[in-house]
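Analysis of the macromolecular model
Next come the chains, spelled out residue by residue.
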Amino acid sequence: MAVLVTGGAGYIGSHAVLALKRKGFDTVIVDNLQTGHGGAVSSDDHFYKGSLHDGEFLDQVFTNHKIDAVIHFAASSLVGESVQNPLKYYENNVGGAISLLQAMERHGVKKLVFSSTAATYGEPESDLLTEEDTVSPTNPYGETKLAVEKMLKWSSEAYGIHSIALRYFNVAGADPEGLRGEDHDPETHLIPIILQVALGQRDHISIFGTDYATPDGTCIRDYIHVSDLVDAHLLALEKLESDPETTVFNLGNGQGFSVKEVIDTARKVTGHDIPAKEEARRAGDPAKLVASAEKARIILKWNPVYTNLHDIIESAWKWHEAHPHGYDQETRKGD
Ligand SMILES: NC(=O)c1ccc[n+]([C@@H]2O[C@H](COP(=O)([O-])OP(=O)(O)OC[C@H]3O[C@@H](n4cnc5c(N)ncnc54)[C@H](O)[C@@H]3O)[C@@H](O)[C@H]2O)c1
Ligand SMILES: O=c1ccn([C@@H]2O[C@H](COP(=O)(O)OP(=O)(O)O[C@H]3O[C@H](CO)[C@@H](O)[C@H](O)[C@H]3O)[C@@H](O)[C@H]2O)c(=O)[nH]1
C-alpha cells in the first residue's frame, strides 16, 4: 500500500516524501513541476509528471499503484499573486482538488490529508487562533483553501472520503540532514528572501507595511519548521486509519514574530547586516496570524521540536549556504 503525495516535488511535499520513506511507507509522487523541482525527487521515487487536472493521467497512477491514502500538497500558494490573479487560484486549487477527489472516488481511495492554511482565518478576532475561530479570508488564496475544506466535508458525507485538513501557519526551515530545502522561483517568502540578501544575491529585504496595528507596525506570523509540519501529516494518516473523522487542525508554534523581528534574528544567525527598506503594504496580508495548535497536540499527539525562531532560521540558512542556487545545479528527473 502506498501514499500518493501530490505536489511531492515542491517544498513541503518533498520533505513529506522523505519523512514517509524514513517511516517505511511506499510513496508515489504526482507533480507537474509548475513550481516544484525534479532535483527534489529521488531517482528511486515513483514520480509521475503531470497535472491534477488530467483525470486520465490520475487514473493511470491509481491503476499502477495500490494507493491507500493521499496527501494533497499540490496548489498555487502565494497570497500576493492570488490577489492579482484570483482565477488562477480557483482553477488550480479548487479545480485540482475536484479532479483529485473524483479520481479517488473512482478508485475507492478513502483517506486524504489536505494542506490548508492560516489564510483561511483572515483578520484574527483573538490572539491565538483556534479551529473554532471565524474563517473569513482576506485573499483569494485563503478563499480557495476554505472552499476545498468545505468540499471535503461534503465528500466525507457523500462518498466516505475521510480527510484531515491541516491549517499550516508559516512554514520555514529545511531537512536537518540537508537533503531538501526551500527553493521557489521567484521567491516571495520572507525567510528565504532574507537569506538571499545574506548570501549577497539581493541588496535588501523590503518590509511590506510598517503601519499595521502591531507593536512595531509590521506583520506578525507564526513560523513552523517543515520537519515538524510533515510529522503532523504522518500522525494525521494514523488518525484517519484508527478514527476516520473529517476534521481540521492548526499547525503552528503559538508564538508570533514581526517581520522586523525575523530580520533581526536572521542577522544574528547569519552574521550579515541584511539591509532592509520600509515599503508599502502587500495586498491581502492580515496583520497577525498566530496559532493555537492545542488540538493537534492533544488529539494527534503532535509535539513540534523546533519551537525557537533562531533554530528554524538556522536550519534554512544551512540549506541556503549549501545550495545558493537551490536545485538548479542538481540532476533533474522527469523533465
Ligand atoms: N509554504 C507555506 O508556508 C505554506 C503555508 C500554508 C499552506 N501551504 C500549502 O502547502 C502546500 C505546499 O506548499 P509549498 O510551499 O510546498 O509550495 P510549492 O509551490 O513548493 O509546492 C507545490 C507543488 O505542487 C505542484 N503543483 C501545483 N499545481 C499542480 C497541479 N495542478 N498538478 C500537479 N502538481 C501541481 C507544484 O509543481 C509544486 O511542486 C500548498 O498547498 C500550500 O498552499 C504552504
Ligand atoms: O519580501 C518580503 C516578503 C514578505 N514580507 C512579509 O512577511 C510576512 C510573511 O510573508 P510570506 O513569507 O510571503 O508568507 P505569507 O504571505 O504569510 O504566506 C505564507 O504563509 C501562509 C500561512 O500563514 C500560507 O498559507 C502561504 O501559502 C504562505 O506563502 C508577510 O507579512 C509579508 O508581507 C515582507 O515584508 N517582505
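Nothing here was measured: the structure is a model prediction, and the numbers come from that model.

Per the UniProt annotation, the sites labelled "domain: NAD-dependent epimerase/dehydratase" (unreviewed entry) are residues 3-252. Secondary structure across residues 3-252 divides into 38% helix and 20% strand, with the first and last C-alpha atoms of the span separated by 24 Å.

With respect to spatial proximity, 23 residues lie near ligand 2, and among them Thr117, Asn170, Ser206, Arg282 and Asp285 are the closest. Between ligand 2 and Tyr141, the relevant distance is 2.9 Å, taken from an oxygen atom to a side-chain nitrogen or oxygen of the residue. Contact with the protein chains covers 93% of the free accessible surface of ligand 2, which is 690 Å². Of all the secondary structure elements, the ones that give two or more residues to the shell around ligand 2 are helix H6 (190-198) and strand E8 (205-208). Top element by residues in the shell around ligand 2 is E8. It accounts for four residues. Residues of the shell around ligand 2, tallied by class, amount to 14 nonpolar, six polar and three charged. Three or more residues apiece are contributed to the shell around ligand 2 by two domains, here domain 1 (2-172 + 225-251) and domain 2 (190-221 + 254-332).

Below, the discussion takes up the pairing of strand E11 (residues 247-251). Within a regular strand, the side chains alternate between the two sheet faces. Within E11, five of the five residues are buried, leaving the element largely enclosed by the surrounding structure. Both faces of E11 are covered, namely the face carrying Thr247, Phe249 and Leu251 and the face carrying Val248 and Asn250.

On to helix H8 (residues 259-270). Relative to the 16 Å expected for twelve residues at 1.5 Å per residue, H8 spans 16 Å between its end C-alpha atoms, a close match to the ideal helical length. Restricting attention to buried positions, one finds in H8 the residues Val259, Val262, Ile263, Thr265, Ala266, Val269 and Thr270. Summarising the axial view, the buried residues of H8 lie within an arc of 165°, below the 170-degree limit, and thus occupy one face. For H8, the secondary structure elements touched by its buried residues are H6, E8, strand E10 (223-225), strand E12 (257-258), strand E13 (276-279) and helix H10 (309-322). Two residues or fewer after H8 comes Gly271, characterised by a positive phi angle close to 75°.

Before going further, it helps to spend a moment on the site of ligand 1. Around ligand 1 lies a shell of 29 residues, among which Asp31, Thr35, Phe73, Tyr141 and Lys145 are the nearest. One of the backbone nitrogen or oxygen atoms of Ile12 is found 2.8 Å away from an oxygen atom of ligand 1. Within the side chain of Tyr141, an N or O atom sits 2.7 Å from an oxygen atom of ligand 1. Bound to the protein, ligand 1 loses 97% of the 830 Å² it would expose on its own. When the residues that make up the shell around ligand 1 are grouped by side-chain class, the tally is twelve nonpolar, 15 polar and two charged.

For the chain, per-residue confidence averages 96 on the pLDDT scale, and 98% of positions sit at 70 or higher. Note that pLDDT drops below 50 for residues 330-335; the model gives that stretch 16 contacts with residues more than four away or on any other chain. Reported confidence for the predicted complex is 0.98 by ipTM and 0.97 by pTM.

Attention now moves to the packing of helix H1 (residues 11-22) against helix H7 (residues 226-242). The geometry of H1 relative to H7 is characterised by a closest axis approach of 9 Å and an angle of 60° between their N-to-C directions. Comparing the axis directions of H1 and H7 gives the class oblique. With respect to the hand of their crossing, H1 and H7 are arranged in right-handed fashion. Along its contact with H1, which presents Tyr11, Ile12, His15, Ala16, Ala19 and Leu20, the element H7 presents Val226, Leu229, Val230, Leu234 and Leu237. Counted by class, the contact of H1 with H7 contains ten nonpolar, one polar and no charged residues.

Running from N to C, H8 and H10 point in directions that differ by 60°, and their axes come no closer than 9 Å. Relative to H10, the element H8 is oriented oblique. Between H8 and H10 lies a crossing whose hand is right-handed. Of the residues in H10, those touching H8 at Val262, Thr265, Ala266, Val269 and Thr270 are Leu309, His310, Ile313, Glu314 and Trp317. In the contact of H8 with H10, the residues fall into six nonpolar, three polar and one charged.

Rules used in this analysis
- Residues numbered from 1 in each chain as written.
- Chains lettered and ligands numbered in written order.
- Predicted model: local features only at pLDDT ≥ 70, side-chain atom pairs only at ≥ 80, totals over all residues.
- Heavy atoms only, no water.
- UniProt positions renumbered as here; feature names shortened; annotations may be inferred.
- Helix = DSSP H or I, 4+ residues; strand = E, 2+ residues; numbered from the N terminus.
- Near = heavy atom within 4 Å.
- Polar contact = N/O pair within 3.5 Å; in protein donor to acceptor, adjacent residues only side chain to side chain.
- Areas by Shrake-Rupley, 256 points an atom, 1.4 Å probe, with all protein chains shown as cover.
- Nonpolar A, V, L, I, M, F, W, Y, C, P; charged D, E, K, R; others polar.
- Domains from an automatic or database assignment.
- Buried < 20%, exposed > 50% of the residue type's maximum accessible area, 1.4 Å probe, protein only.
- Expected span 1.5 Å × (residues − 1).
- Arc of directions from axis to C-beta.
- Contact = heavy atoms within 4.5 Å.
- pLDDT = per-residue confidence, 0-100.
- Axes fitted to C-alpha atoms, helices over the stretch in contact; angles between N-to-C directions.
- Parallel < 35°, antiparallel > 145°, perpendicular 65-115°, else oblique.
- Left-handed = near helix turned anticlockwise from the far one by under 90°.

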